[in-house]
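# Tertiary structure, described
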Amino acid sequence: MRGTGFQSIVVLTGAGISAESGVPTFRGPDGLWEGHRVEDVATPQAFRRDPALVQAFYDARRAALARVEPNAAHRALARLDAEWPGDLLIVTQNVDDLHERAGAVRMVHMHGELKRAFCLACGERQTAPDTLSDGPACTRCGAHGRLRPDIVWFGEMPYHMDRIEAALAACDLFVSIGTSGAVYPAAGFVQGARHYGAHTLEINLEPSEGTHVFHEARHGRAGDLVPLWVGALLDRDRFRLNQPET
Ligand code: OAD
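Rules and cut-offs
- Residues numbered from 1 in each chain as written.
- Predicted model: local features only at pLDDT ≥ 70, side-chain atom pairs only at ≥ 80, totals over all residues.
- Heavy atoms only, no water.
- Core = buried A, V, L, I, M, F, W, Y, C linked by side-chain atoms within 4.5 Å.
- Buried < 20%, exposed > 50% of the residue type's maximum accessible area, 1.4 Å probe, protein only.
- Helix = DSSP H or I, 4+ residues; strand = E, 2+ residues; numbered from the N terminus.
- Contact = heavy atoms within 4.5 Å.
- Near = heavy atom within 4 Å.
- Polar contact = N/O pair within 3.5 Å; in protein donor to acceptor, adjacent residues only side chain to side chain.
- Areas by Shrake-Rupley, 256 points an atom, 1.4 Å probe, with all protein chains shown as cover.
- Phe/Tyr/Trp six-rings, centres within 6.5 Å; stacked < 30°, edge-to-face > 60°.
- Lys NZ or Arg CZ within 6 Å of the ring centre and 35° of its normal.

## Some remarks on the nonpolar core
One finds Val11, Leu77, Leu80, Ile177, Val226 and Trp229 to be the most contacted residues of the largest nonpolar core, which totals 25 residues. For this core, the secondary-structure elements that each account for two or more residues are β1 (8–13), α5 (72–83), β2 (87–92), β7 (173–177), β8 (199–204) and α9 (222–242). At seven residues, α9 tops the list of elements feeding residues into this core. In this view, Leu80 contacts Val11, Leu88, Arg106, Trp229, Val230, Leu233 and Leu234; residues no more than four positions away in its chain are not counted. Formed by 19 residues, the second largest nonpolar core is a distinct cluster that contains Val10, Ala167, Ala186 and Ala198.

Written out as structure tokens, the structure reads:
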């Protein structure tokens, strides 16, 4: 921590932050993701083996976005983004668009986005049409049936890692919200941030796999705990800024 307060914050979010919006988490009690084993829908091998199944799966997830809304936790992070005077990077593992619909701007999707596609023929990244199953044309090269979801599958390299690693090295507060801590590299961010001297806080429904690594943990619903944390942080910062220098 530098000085009397935090200057630079990294927030990592996972499926738990969207759970109260009605988006299912990945690791439910049955170990299935909406009825599928993760390796049947979230690997390049699965896509090669059965592209129709994988496209239909992500088409359904994309369509479901129209039926969900950001919740109090997304809105609180958007408030933090708007009001925090220091550096902030919200890193989400989620492929939904609820952070940006709540108004967050200083954020990156490290596992891609349901609403984006990329062309296997020419590599162009583009806004995804509603369905990829019917083989739409690439907006750049015109090839049909070559668009895949712009989602980082197991075995692929997450996005924005240079920016994320720089933010982790520079932050003095790292907060992990609604993630089980089961998937690397995101699960290792807490160690990275600690290594560089950041204070670390977990907010999750239950202790995550890496809960012991955090300095502090608060367990409960993100929709309850995140607004409380953001409100307290902004109030404390305002109080600090209003104090005369001694
Ligand atoms: P998980 O489904 O593994 O974990 C979600 C976490 O959120 C669990 O620890 C839950 O206890 C917690 N949770 C559930 N409801 C909550 C609530 N209302 N408030 C707070 N916490 C709650 O999801 P992720 O950790 O995001 O990767 O999974 C990480 C990655 O694994 C995903 O991005 C995806 C997946 O396979 C790819 O697709 C590459």
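## Notes on the site of the ligand
Glu20, Phe26, Arg27, Thr179 and Ser180 are the nearest of the 22 residues found near the ligand. In the environment of the ligand, an oxygen atom lies 3.1 Å from a nitrogen or oxygen atom belonging to the backbone of Gln93. Asn204 is positioned with one of its side-chain polar atoms (N or O) 2.9 Å from an oxygen atom of the ligand. About the coverage of the ligand: the protein hides 93% of its 800 Å² of free accessible area.

## Re the packing of aromatic side chains
Geometry of an aromatic ring pair is reported as the spacing of the ring centres plus the angle between the planes. In the structure shown here, the tally under the stated rule is four aromatic pairs. Where Tyr58 meets Trp153, the ring centres are 6.0 Å apart and the plane angle is 40 degrees; that geometry is what we call tilted. Taken together, the positions of Tyr58 in helix α4 (residues 51–64) and Trp153 in the loop between β6 (147–151) and α7 (161–170) put the pair 95 residues apart, joining distant regions of the chain. Here Tyr58 matches Trp153 in class, with each residue buried. With centroids separated by 6.4 Å and ring planes inclined at 20 degrees, the aromatic side chains of Phe174 and Phe214 adopt a geometry described as stacked. Placement of the pair is Phe174 in strand β7 and Phe214 in the loop between β8 and β9 (216–219), with a sequence separation of 40 residues. Each member of the pair, Phe174 as well as Phe214, carries the same accessibility label: buried. Ring-pair connections join several aromatic residues into one group, and the members of that group are Phe47, Phe57, Tyr58 and Trp153. In this structure, Arg61 packs its charged tip against the face of Phe57, placed 4.4 Å from the ring centre. The lysine or arginine in question, Arg148, covers the ring of Trp153, its NZ or CZ lying 3.8 Å from the ring centre.

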